[in-house]
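# Fold and geometry: a report
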Amino acid sequence: MAEDSDQEKTEQPTGRRLSQAREEGQVPHSRELGSFLVLMVAAAAFWMLGGWLAERAMQIMRKGLTMDPAFLKEPELALVRLSDLGFDALLSFSPLVLAMIVASLIPPFLLNAWVFAPKALMPSFGRMDPIAGIGRMFSWNSLMELLKAMLKALLIGGVAVFLVWREWEDIFGLLGQPLESGLATAGHLLTFTFLILVSAMVVIVAADVPFQIWQYYDKLKMTKEQVRQEMKEMDGDPMVKGRIRSLQREAARRRMMAAVPQADVIVTNPTHYAVALSYKEGMGAPKVLAKGMGVIAQKIKSLGAEHGVPMLEAPPLARALYKHTEVDDQIPGSLYAAVAEVLAYVYQLNRWRTTGGDYPTPPKDLDVPPELVPGVA
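Quick summary incoming for the structure in this document. Here the structure is a predicted model, which means the values were calculated and not measured.

Cut-off values and rules
- Residues numbered from 1 in each chain as written.
- Predicted model: local features only at pLDDT ≥ 70, side-chain atom pairs only at ≥ 80, totals over all residues.
- Heavy atoms only, no water.
- Helix = DSSP H or I, 4+ residues; strand = E, 2+ residues; numbered from the N terminus.
- Buried < 20%, exposed > 50% of the residue type's maximum accessible area, 1.4 Å probe, protein only.
- Salt bridge = Lys/Arg side-chain N within 4 Å of Asp/Glu carboxyl O.
- Pairing = 2+ DSSP bridges.
- Axes fitted to C-alpha atoms, helices over the stretch in contact; angles between N-to-C directions.
- Contact = heavy atoms within 4.5 Å.
- Core = buried A, V, L, I, M, F, W, Y, C linked by side-chain atoms within 4.5 Å.

One non-glycine residue with positive phi stands out, namely D328, at about 75°. Counting through the fold element by element, D328 comes out in the loop between α14 (315-324) and α15 (336-355). For D328, a relative accessible area of 53% translates into the label exposed. For D365, which is not a glycine, the phi torsion comes out positive at approximately 50°. By the element assignment, D365 lies in the segment after α15. Residue D365 is classed as exposed on the basis of its relative accessible area of 77%.

Okay, the pattern of salt bridges next. One pass over the structure, following the stated rule, counts eight salt bridges. For K291, the salt bridge identified is with E326, shortest N-O distance 3.9 Å. Taken together, the residues K291 in strand β5 (residues 287-293) and E326 in the loop between α14 and α15 connect sequence positions 35 residues apart. What makes K291 buried here is its relative accessible area of 14%. Each of E250, R253 and R254 takes part in a single network of salt bridges with overlapping partners.

Strand order in the open sheet made by the four strands is β5-β4-β3-β6, with mixed pairing throughout. The open sheet has two free edges, formed respectively by β5 and β6 (311-313), since each of these has just one partner strand. In this sheet, adjacent strand axes meet at a mean angle of 20° when their direction is disregarded. Pairing of strand β4 (residues 273-278) with β5, which is carried by six bridges, proceeds in the antiparallel orientation. Across the sheet, V275 pairs through a bridge with K291, a residue of β5. Its contacts with the sheet put helix α13 (residues 295-306) on β3 (265-268), β4, β5 and β6, and the angle it makes with β5 is roughly 130°.

This next bit is on the nonpolar core. Residues V267, L277, L317, L321, L335, V342 and V368 are the most contacted members of the largest nonpolar core, which totals 25 residues. Among the elements of the structure, β3, β4, α14 and α15 are those that each provide at least two residues to this core. Among all residues touching L317, those that are not within four sequence positions of it are V267, L335, A338, V339, V342, L366 and V368.

Rendered as structure tokens:
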């Protein structure tokens, strides 16, 4: 059962999954929203510019039907006249065309789906698979599209029937009106009817947009295993990360061992812990050059002995330094007094090695706070 649940797409898509889908051109889209905006802009343009467009159309028609005697002598002028009429028509209807183009570009912005995806332009033989095509024809999405088309036909048809019934007298009244006033009234009726029919599509858009968004995210849902695999890919393979950490620790250890010969003293436990300290003029406090326990402690002691670094057995101080310091850090203030005694001993030892005399006495009972010593209550 656990394996089955891992294979079910129950998890919401991650940010990376959504980003990959956008790169492939998979974004939420609603054809109903696009159609509605284009038709609504067209209806609004006709409502506001209908009179001007009708006047311009009549002017172009009059100009086209006017016969110029020059055409009889030079038929080539007819082509010039035709191009002029075409340009006038294009110029007259350009505001409407431009508004509709802008309206067709708005829906992706409303759905946050505006994206340029070159991958979506690449040819895919999977799209030409007839079996997959038949599957899409009888898919859940196709069924929803069919139901949506039927509801849209019923809604638009119902509104159209209602408008025809409501304007029945005006429609038949056109038969008794003069030509110009009849055309004006007919244009008004058509524009008003078109605007109402397009407005009725709001119901379809209000239902289609949430459905398309839900369907988009539902298709991108992931299984628990896919989420885990993605997290591994983002965080990196644990084995690789472990190997990197191992290499980093080894490099840090080599750097630490290289600093041992520059130490002024090595404080030992004597066998379990070793901490190499250095203090130079200008330092605020002594600094830890190296530390270790077990095998590493023995290597620090061996390397220190090889380079003649003084050593002092001070178990409480060694354990406290190992526990509460890091390599390249200065020692804590609570250990200043104890380390000062150790350094004083080291300076006396170095002087004895140079000038001779009485061998200095190693310090005993160093002032190490009990709370800093591991294992001491």
